[in-house]
Each structure stands twice: as C-alpha cells, then as structure tokens.
Amino acid sequence: MRSFASYFIIVLMFDVTIIGAGICGSLIAHELSKFDLAVLVLEKENDVAEGATGANSAMVHSGHDPKPGSLKCKYNLLGNRMYPALCEELRVNYVPIGAFVAAGGKEEEEKLDILISQCKERGIPFEVLDGDTARETEPNLADRITKVLSLPTTGIITPWEVSIAAMEEAMLNGTKLKLNYEVVSIEKKDDHFLINDEIETKVLINCAGAHCDTITEMLRPSPYKVGAKKGEYFVLDHLNGTFVNHVIYPVPTEKGKGVLAVPTVHGNVMLGPNSEFVEDAEDDATGDGLDFIRKEIGKTVKNVPFHKMIHTFAGLRPHIDLNDFYIQEDDQIENFIHVAGIESPGLSAAPAIAQDVVNDMVLPKFECKKKEGYKRRERFIDISKMNEEEVNALIQKDPSFGKIVCRCEKISEGVIRDVIRRECGARTIKGVKMRCRPGMGRCQGGFCEPEVLRILSEELKADPSEILLDRKGSNVCVALAKEDL
Ligand SMILES: Cc1cc2nc3c(=O)[nH]c(=O)nc-3n(C[C@H](O)[C@H](O)[C@H](O)COP(=O)(O)OP(=O)(O)OC[C@H]3O[C@@H](n4cnc5c(N)ncnc54)[C@H](O)[C@@H]3O)c2cc1C
C-alpha cells in the first residue's frame, strides 16, 4: 500500500480492492494473500460474515441439485471437493455428515429419479435406499417416506468460522480489512478506480452480496438486479444425533431445496429454511415463515423435539434475476470483476469461485510472485476437543482458561480473550459469540453477556457503553478500523 497527501486528502493505493467480507470476499482475499500484492477488503458492517454468510443452512451440498450446465452446478461440484482440504488448511471444522433426500409416493420418487441420474452424470457418490432401510439409520424419518437418495459427500461447516479464519490468515499475511466502511461512490480514472474519494485501486472485485447491483450502478447501468429471498430457521439445543444423523432434505421444488433438518458442527439441529422475497435486503426478522417450517418439516421427519427450541433466526439470499451466478470481468469496464448473485449453493461453491477469480481474472493482470514465509493461523482454542491433560496444561500456563464464562457451551475467559486478540478479532458481543460460542447455548447469553462485555471492554480498552451487542454500528470498531489502515 502507498499513500500521498494532496490538497490535505490522504489517498490510499492498492493493487486489488474487494467490496464485501462474506465467504466470497474472504476466500478471494485469502487466495490473493498468498501473492505479493497490496490487497484491501472493504466491509460496511462491523465484522466479517454479517451478510448471507452469517445466516444460512451451513451445508456443503454435494452438487446433486443445480441446473445442468449452470455456473451454480460447476462451482458447487468443484467447491464440494475442495472443502475438506480447505478446512484443514484454515484449521476450521468440517464434518462429512452425509445427507438423505427423502421422497414419499410416486410423484416425489419420480423427482428423486432425476436427481439420481444427475448424480450419475456428475460423478457424485450416492446410494438409493427404500424407506425401511433408510429408517434403520434414521429412525425419525417420516413414515410416508418410501425412497431415499443417500449423498455421503455432503458436509457441514460453520460458515462464519470459515470466513473469519480466511480473513484472519489473509491479514496475517498483509491484507488490510476496513470495517464499518460503506462504499458509496466509485469513479473509473485512467488506470485505476477511486473509491469514496479516498482509496485508489487497480482492480476492483464486487462481492457485495445483496448489494452487488448497487455497487455496479456506481460505474454503469447494472446488467443484473439483485433481490433478497428470506429464509427462516428454528435452532434446537444440543441433540448430538438423538434426532437425526444426516442432513434430511425433501425433494426439491421450483422454490428451492425445501425445508431441511440440519445437524450443526456443534451438535445442535436447525430446521428450515422457507424462501420468500422481501423488499428490504436488510430485513432479517423472523415471523410467519416459522409456522410454514413447523408444517413442512413433518413431510420428511417425525418426533420433532420442538420443546428443545432455543433460538430462531433468518438469512437473506442474494437472488439475481439471471437465475445463475454472475462471475466475470465486466464487458465494458476493464479490471472490474463481478462476483454477483451468489445465492445457494454459494457457500459450497465459494472456494472454487475464489480460485477461478484469482487465477483466471486477477493474477494475469500483475507480474507478481508467491509470497515467501506465508504465515498460517492457529485453530481457535476449543477445550471440548482437548483431553484432560491438555486442558490442565493450558490452565497451568494461564489460569483464565479455567474460569468458565459461558455455562451452556462451557467457554472460558481465556478462550474469549484469544478471539479478541487475534487479527480480525471480535469487536462486539456478537463477534465473540460467532467465534467461540458464548451466547449460542440454552440461555442465549442471559448469564454470560455481562462477563463477555467486561472482557471486551478490558481487551479493547474501551468504556462498556461503547461496545455493541451486534452489527448496528460501533464506535470502537470505527476507531480500530481507521487505525488498522
Ligand atoms: C437462508 C439461506 C440458506 C442458505 N443455505 C446454504 C447452504 O446450506 N449451502 C450453501 O452452499 N449456500 C447456502 N446459502 C447461500 C450462501 O449463504 C450465500 O451464497 C453466500 O453466503 C453468499 O456469500 P457472499 O460473500 O457472496 O455474500 P454475503 O455473505 O452477503 O457478503 C456480502 C457482504 O458485502 C457487504 N456489503 C454490501 N454492500 C456493501 C457496500 N456498499 N460497502 C461495503 N460492504 C458492502 C455486506 O455487508 C456483506 O457482508 C444460503 C443462503 C441463505 C440466505
């Protein structure tokens, strides 16, 4: 990064600037951080993964479902194969849990047969089971289910963990992240773009999710419109395989993959989503959709333990009117790259999208080398995965690892301090919750929030009144984001 003062305005110059720190922006930044380039990520919220990446079904789909010949299909298949190695590289959780697509009756079985032939054509491992055989491993499969497509390469992740880890490692290797920074203007100059009158960049990558069209309109009439499709969920307390052992899908409809039962990496189960267009791309309130989910889920599973429900939430899919991902360099404006309309299966596809954007669209524009001495991030400390000896050694070294703050998820003070101190560290109560889970459990933060606030205020040397619960702006974040640059 270079900078110069001209007429008292500081202009910052970068090789590549990415707008949006969702899974696409973070993984592209991570790929680029392996090369000798000055890279900047701009994010309007006060943390990464606050858009669609922070609220979804958290699944790495096998690729059985997207339309043949679509970019969704191409990148889903490639991304599915990349995830296990990527998660190992980033030191984050990946569980190859497998999925059942469950059909009941002739009409649904015929739709299942289409998916089965797509699996064959696409080289996706699969097995076909009758209802009774499937119920031997999934006893809560609804009685009406007569035929099941088993998809063993379906995985589950924690999407914001992948995004945060990718950004953390990118920052360890020189990438700059500016939070609380909304892009409101872009001008194309001779050989660069000028963003918000203060940042210059040679290459600009639009990863702004539901706002990709607004970004494009700053430079030219947008070739696509992006709308938001809401999906709501119930979250059930830790069930650890006592309800379902796989992801359970119904057969898909024209509205999408339908209402699923999805075990999470941490042993909870999510039920959802529905799929409804909303006017406001920021409207993530839950409501009537939950009634729909209660009704629909009974088509595939029985004995749903609704009394274990601890939380509801909604996510917003960046739905594009072209009905496929739009990933290409602009045909009118050189060096402006679209990564737009990344709705489902965007999470599954993101590693492959990042690889193609970097290798095919960005690197050919620069003469750059791979960075030497690339730094690897450390895994978030997870005491639940350590044996007694390891935990004792950790507490001997730092007694704060023995002081439990979150009783539901058993998270200690030392673990919380670690996620605040890192590159791309937590700056809000929600930021701590997303990284190490205090507030994710049965009490939903009722007991631990004041303690998390105290720790944040000590670590950030800020008055507790300046620290926010979640993404709706934070003075502390603004100050830190400016310092970072
Ligand atoms: C309900 C639901 C369920 C889903 N389930 C799955 C699933 O199981 N598997 C799967 O593969 N996919 C799933 N998806 C899709 C997946 O979540 C998305 O495809 C993916 O997260 C999109 O990532 P992104 O980086 O493109 O966008 P986002 O995560 O939305 O990131 C865009 C970022 O850009 C920022 N931004 C916008 N405008 C500006 C601006 N002007 N200046 C600065 N920053 C800006 C936003 O704040 C945001 O952080 C689901 C989506 C939803 C909503």
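Residues numbered from 1 in each chain as written. Predicted model: local features only at pLDDT ≥ 70, side-chain atom pairs only at ≥ 80, totals over all residues.

For helix α8 (residues 346–362), with 17 residues, the first-to-last C-alpha span of 20 Å runs short of the 24 Å given by 1.5 Å per residue. The sharpest bend along α8 measures roughly 35 degrees and falls at A352. Of all 17 residues in α8, 12 are buried; the element is thus mostly enclosed. Within the sequence span of α8, burial applies to G346, L347, S348, A349, A350, P351, A352, I353, A354, V357, V358 and V362. (Helix = DSSP H or I, 4+ residues; strand = E, 2+ residues; numbered from the N terminus. Expected span 1.5 Å × (residues − 1). Bend = angle between axes of the 7 residues up to and from the residue. Buried ≥ 20, exposed ≤ 12 C-beta atoms within 10 Å, placed from the backbone.)

Across the sheet, 3 strands lie side by side as β4-β9-β5; this open sheet has antiparallel pairing. A strand with exactly one partner marks an edge of an open sheet, and here the two such strands are β4 (59–60) and β5 (94–95). Sheet topology places β4 next to strand β9 (residues 155–157); 2 bridges connect them, and they run antiparallel. Looking at β9, one finds that M59 is bridged to I156. (Pairing = 2+ DSSP bridges.)

This part covers the packing of helix α10 (residues 413–421) against helix α12 (residues 449–460). Packing of α10 against α12 leaves a shortest axis separation of 10 Å and a crossing angle of 45 degrees. In this view, α10 runs oblique relative to α12, as classed from their interaxial angle. Classified by chirality, the crossing of α12 by α10 is right-handed. Counting all contacts with α10, which are made through E413, I416, R417, I420 and R421, the residues of α12 involved are V452, I455, L456 and E459. Considering only residue class, the contact of α10 with α12 consists of 5 nonpolar, no polar and 4 charged. (Axes fitted to C-alpha atoms, helices over the stretch in contact; angles between N-to-C directions. Parallel < 35°, antiparallel > 145°, perpendicular 65-115°, else oblique. Left-handed = near helix turned anticlockwise from the far one by under 90°. Contact = placed C-beta atoms within 7 Å. Nonpolar A, V, L, I, M, F, W, Y, C, P; charged D, E, K, R; others polar.)

Moving on to the site of the ligand. Taken together, 41 residues lie near the ligand, and G22, G51, G209, G231 and G346 sit nearest. Put simply, the parts of the chain that give the shell around the ligand at least two residues each are α1 (23–32), β19 (309–320) and α8. With 4 residues, β19 is the single largest residue contributor to the shell around the ligand. A class-by-class count of the residues in the shell around the ligand yields 19 nonpolar, 15 polar and 7 charged. (Near = placed C-beta within 6 Å.)

All right, on to the domain arrangement of the protein then. Assigned domains of the protein: these are domain 1 (2–53 + 160–225 + 323–365), domain 2 (99–152 + 228–316) and domain 3 (383–484). Between the C-alpha centres of domain 1 and domain 3 the distance comes to 28 Å. (Domains from an automatic or database assignment.)

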